[in-house]
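Here is what each chain is made of, one letter per residue.
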Amino acid sequence: MKKIFISLVSLLVFTSCVLHVYRFTSINYNNDKISIKANLVDEQKENSPLNYIYIYDKKSNATNHHEIKILSSTIKIVCKDKEYIIKNSSDDNGNIYVYKQGVVITDDFKAYIGKVQLDDGTIIDIPPLSFKKTVYVERYSVISDTINAGGSGKEIFSGTVENYKKQKK
């Protein structure tokens, strides 16, 4: 019985969980009015394909959502010298659904979105965007997270997948 108890305590003390969160991040665009993100179908899998790109107004919050309209009817995505044309729906409110249209993108890519209009009438011309797959890695420990109540895990890495693989070597 004593061995089982010691084994259980050791398991709790030395066990930790590592969380990986993957996404595509634009590496060449910053704007004070809008933000552009790209989510994967399964953000915890490195080879998961791009699900959608979304553009949102930085003035938006939980109680006051600001609409964004993508003015182009199609979006061009280039990945590994292959071009994809994505149809844009005016009902999608700043979302560009890629995977839903049968396009599977798992590597770095360029997106040509064009102009968007904010709900205050402002038009922003978005240049071609370069997206790289990035990863955020965090470690959770049963004991230290319990002792440090309210605290979250420890960030291990945040950056491109390419740099993360180099660091692990």
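The rules behind each value
- Residues numbered from 1 in each chain as written.
- Predicted model: local features only at pLDDT ≥ 70, side-chain atom pairs only at ≥ 80, totals over all residues.
- Heavy atoms only, no water.
- Phe/Tyr/Trp six-rings, centres within 6.5 Å; stacked < 30°, edge-to-face > 60°.
- Buried < 20%, exposed > 50% of the residue type's maximum accessible area, 1.4 Å probe, protein only.
- Helix = DSSP H or I, 4+ residues; strand = E, 2+ residues; numbered from the N terminus.
- Core = buried A, V, L, I, M, F, W, Y, C linked by side-chain atoms within 4.5 Å.
- Contact = heavy atoms within 4.5 Å.

1. What to know about the packing of aromatic side chains
Given two aromatic rings, their pairing is described by the distance between the two centres and the angle made by the two planes.
Right, on to step 1. Taken as a whole, this structure holds 6 aromatic pairs when the rule is applied.
Right, on to step 2. Aromatic pair Tyr 52 and Tyr 54: ring centres 5.6 Å apart, planes at 45°, arrangement tilted.
Right, on to step 3. On the basis of relative accessible area, Tyr 54 is assigned to the partly exposed category, the value being 22%.
Right, on to step 4. Ring geometry for Tyr 52 versus Tyr 97: centroids 5.6 Å apart, planes at 45°, classification tilted. Of the two residues, Tyr 52 sits in strand 3 (residues 50–57) while Tyr 97 sits in strand 7 (residues 95–97), which places them 45 residues apart along the sequence.

2. Overview of the nonpolar core
Right, on to step 1. Judged by nonpolar contacts, the single largest core of 35 residues is most densely connected at Ile 34, Ile 53, Phe 109, Ile 113 and Ile 126.
Right, on to step 2. Ignoring sequence-local partners within four residues, the contact set of Ile 53 consists of Ile 36, Lys 37, Ala 38, Ile 77, Gly 94, Asn 95, Ile 96, Phe 109, Ala 111, Ile 113 and Phe 131.

Shape descriptors only; they carry no functional weight alone.
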